[in-house]
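# Notes for the structure review
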Amino acid sequence: MQQRELAITLWRQTWPMAIGVLALLGFQLVDSAFIARLGTAPLAAQSFTFPLSFLIIGIQVGMGIAIAALISRALGAGEKARAKRLSSLVLIAGGVVIGWLVVALWVLQVPIFRLLGADESALVYIRAYWGPQLFSAWLGALLYFIYSVFRAHGDTRLPGKMMVLSSLINLALDPLFIFGIGSWQGWGLPGAAWATAIAFSVGLLFTGAKLHKRQWATHLAIWQEARRSWRPFTGIAAPAMVSQLMPPLAAMLAISVVAGLGDTQVAAWGLASRLETVSLMVILAMTMSLPPWLGRCYGAGDWGQIQQLMRLVVKVALIWQLSLGVLLALASPWVAMVLAGNQEVQSELALLIRFLLPSYAALGVCMLVVSAGNALGWPLRAMLLSSARLFICYLPCLWLGAQVYGWIGLAAGAAVGNILAGIAAWTVLRRILSRPHRQAGYGV
């Protein structure tokens, strides 16, 4: 394929996921805004559940990466029957694994939340919220696994549309279930979880029907397939899950460094973290749409197209993210004014935007290389690269900058860490793709 045709295909694969990611991020932000209207105690109770929710999401994303990689490789090798067996197998296995995790987190909720620092008043809210929240998390995991099957077949439009639809249903039900209507007072904090559960249920019904109609899954010979595929599945899923669980850990360590500088800095850092996620919307979408495409090329042994595709996505990441970062850096005083009400927080946030936003161009390159690694047969390298990004490049530079120059040093250190991670990722990618048999486009 010519470079222009690749670019057009990449755009078609990525834009539905970009809209879907934006919709999901938007509904989560509005969800927290609704809960904040209930008072500080319910919002604090919900905050205690975030680390465990991230645990579930990390495991589900790791399994989803393995699903997309194995199915797309089978399709690329022309093994359509095996792709159907893999679809059924991973949906069953994923539902069981997440189900067992959800049950364990329900049974152990009191000791876990006490260990996290929740007092008895917070536990009252948590007990009412945690059951429906776990149920909605299980439904969301099943829906994510079905999305992974669709992405593996090259269909990103349906997952993108369903993300938007689920977000709209959740937004419509949130105020009704949380605050009630008329004489009904609503369910309060648990209402937010039930709204999400219903939104995910609608998504499951729709996508399940589409999956059945397209005949992308089968119950025939799936146990034989399980014996054949459990090793490659585990080999991809385990490193991917570890990679997904490291960012929350790094975030906790980073906030502990920021906390030593003061409450104003903590508030600014939190807002910058939310802005980071939104600004990386296109990169996040490409990390979802790219692996299945690469997996099909990998299955077909087409390393020539893999090289062209990786050069293209790196170029897109650098141009898009750097342009957006420079634009937001120039507009940082006005962006900070919109996001923060306190003038001191605005000043500290503007400083972060000026340093961090342009550096996300390099961070985007690293994220794309890590995502591609799971589809190209080197998940362990991808996990090690993700670890190096956080614990060798990012956190040490952030800590050293804070120790030497305070807040401005922390911002500069975090930016330098992102740039070093991007350079390291591009070096690793070039070294792997420059091997003679891959240059020639033969095998693996």
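The rules behind these values
Residues numbered from 1 in each chain as written. Predicted model: local features only at pLDDT ≥ 70, side-chain atom pairs only at ≥ 80, totals over all residues. Heavy atoms only, no water. UniProt positions renumbered as here; feature names shortened; annotations may be inferred. Helix = DSSP H or I, 4+ residues; strand = E, 2+ residues; numbered from the N terminus. Buried < 20%, exposed > 50% of the residue type's maximum accessible area, 1.4 Å probe, protein only. Contact = heavy atoms within 4.5 Å. Areas by Shrake-Rupley, 256 points an atom, 1.4 Å probe, with all protein chains shown as cover. pLDDT = per-residue confidence, 0-100. Salt bridge = Lys/Arg side-chain N within 4 Å of Asp/Glu carboxyl O. Axes fitted to C-alpha atoms, helices over the stretch in contact; angles between N-to-C directions. Parallel < 35°, antiparallel > 145°, perpendicular 65-115°, else oblique. Left-handed = near helix turned anticlockwise from the far one by under 90°. Nonpolar A, V, L, I, M, F, W, Y, C, P; charged D, E, K, R; others polar. Phe/Tyr/Trp six-rings, centres within 6.5 Å; stacked < 30°, edge-to-face > 60°. Core = buried A, V, L, I, M, F, W, Y, C linked by side-chain atoms within 4.5 Å. Expected span 1.5 Å × (residues − 1). Bend = angle between axes of the 7 residues up to and from the residue. Disulfide = S-S within 2.5 Å.

As recorded in an unreviewed UniProt entry, the chain goes by the name MATE family efflux transporter, listed as coming from Vreelandella zhaodongensis. Among the UniProt annotations of the chain, the heading Subcellular location (unreviewed entry) holds the following wording: "Cell inner membrane".

### As for the overall build of the chain
The secondary structure content of the chain amounts to 15 helices and 0 strands. Going through the 444 residues of the chain one by one, you find that 53% of them count as buried. Sequence separation of 24 or more characterises 80% of the internal contacts of the chain that already satisfy a separation of 6 or more. Carbon and sulfur atoms make up 68% of the accessible area of the chain, which totals about 19,900 Å².

### Here we look at the confidence of the model for the chain
When the pLDDT values of the chain are averaged, the result is 80; 82% of them are 70 or greater. The least confident element of the chain is helix α15 (residues 436-439), whose mean pLDDT is 49; the most confident is helix α7 (residues 189-214), at 90. Across residues 439-444, where pLDDT falls below 50, the model places 15 contacts with residues more than four positions away in sequence or in other chains.

### Topic: the pattern of salt bridges
Applying the stated criterion across every chain, the model contains 1 salt bridge. We note a salt bridge from R114 to E120, for which the minimum N-O separation is 2.6 Å. Of the residues examined, R114 reaches a relative accessible area of 46% and is grouped as partly exposed. Overall, E120 belongs to the partly exposed group, its relative accessible area being 43%.

### Comments concerning the packing of helix α5 (residues 120-152) against α7
It is at 8 Å that the axes of α5 and α7 come closest, and there the two elements cross at 20°. In this view, α5 runs roughly parallel relative to α7, as classed from their interaxial angle. As α5 runs across α7, the sense of the crossing is left-handed. Class assignment for the residues of the contact of α5 with α7 results in 20 nonpolar, 8 polar and 2 charged.

### Topic: the packing of aromatic side chains
Using the criterion set out here, one finds 4 aromatic pairs in the structure. Note on F150 and W216: the rings are 5.2 Å apart at their centroids and 65° apart in plane angle, and the pair reads as edge-to-face. Remark: W216 occurs in the loop between α7 and α8 (222-259) and F150 occurs in helix α5; sequence separation between them is 66 residues.

### Some details on the side chain of Q133
With respect to the secondary-structure elements, Q133 resides in helix α5. Look at Q133 and you get buried, because its relative accessible area is 15%. Setting aside residues no more than four positions away along its own chain, Q133 makes contact with S53 and A193.

### Brief notes about the nonpolar core
Among the nonpolar cores identified, the biggest contains 69 residues, and W269 and M310 are the most heavily contacted of them. Secondary-structure elements contributing two or more residues to this core are α8, α9 (263-279), α10 (281-300), α11 (303-330), α12 (332-339), α13 (343-375) and α14 (379-433). With 19 residues, the single largest contributor to this core is α14. Those residues in contact with M310 that lie beyond four places of it in its chain are L290, L294, L368, A372, L429 and L433.

### A short note on α14
An ideal rise of 1.5 Å per residue puts 81 Å on 55 residues; α14 reaches only 15 Å between its terminal C-alpha atoms. Largest kink in α14: about 155°, centred on Y405.

### Topic: unusual backbone geometry
Even without being a glycine, Q215 presents a positive backbone phi close to 55°. Its relative accessible area of 53% is what places Q215 among the exposed residues.

### Describing α10
Across its 20 residues, α10 extends 30 Å between first and last C-alpha, which sits within 8% of the 28 Å expected from 1.5 Å per residue. Where α10 bends most, at L290, the angle is about 30°, and the proline P291 comes one to four residues later. For α10, the buried fraction is high: 15 of the 20 residues fall into the buried class.

### What to know about the side chain of S279
Within the secondary structure, S279 sits in helix α9. On the accessibility criterion, S279 (5% relative accessible area) is buried.

### Quick word on the environment of G64
Tracing the backbone shows G64 in helix α2 (residues 40-76). Classification of G64 by relative accessible area gives buried; the value is 0%. C-alpha of G64 to C-alpha of I146: the two residues are 82 residues apart in sequence and 8.8 Å apart in space. Leave out the neighbours within four places in its chain, and G64 touches Y144, F145 and S148.

### Some details on the state of the cysteines
Taken as a whole and judged by the stated rule, the model has 0 disulfides. C366 takes part in no disulfide bond, and the closest cysteine sulfur to it belongs to C393, at a distance of 7.6 Å. Looking at the unpaired C393, the closest cysteine sulfur is the one in C397, lying at 6.8 Å. By relative accessible area, which is 11% here, C393 ends up buried.

### Some remarks on the packing of α10 against α11
A packed helix pair is summarised by two numbers, namely the angle formed by the two axes and the spacing between the axes. Following both chains from N to C, one finds α10 and α11 inclined at 175°, their axes separated by 10 Å at the closest point. Regarding the angle of α10 to α11, the classification is roughly antiparallel. On α11, the residues touching V282, I283, M286, L290, W293, L294, C297 and Y298 of α10 are W303, Q305, I306, L309, M310, V313, V316, A317, W320 and Q321. Here the residues of the contact of α10 with α11 are counted per class, giving 16 nonpolar, 2 polar and no charged.

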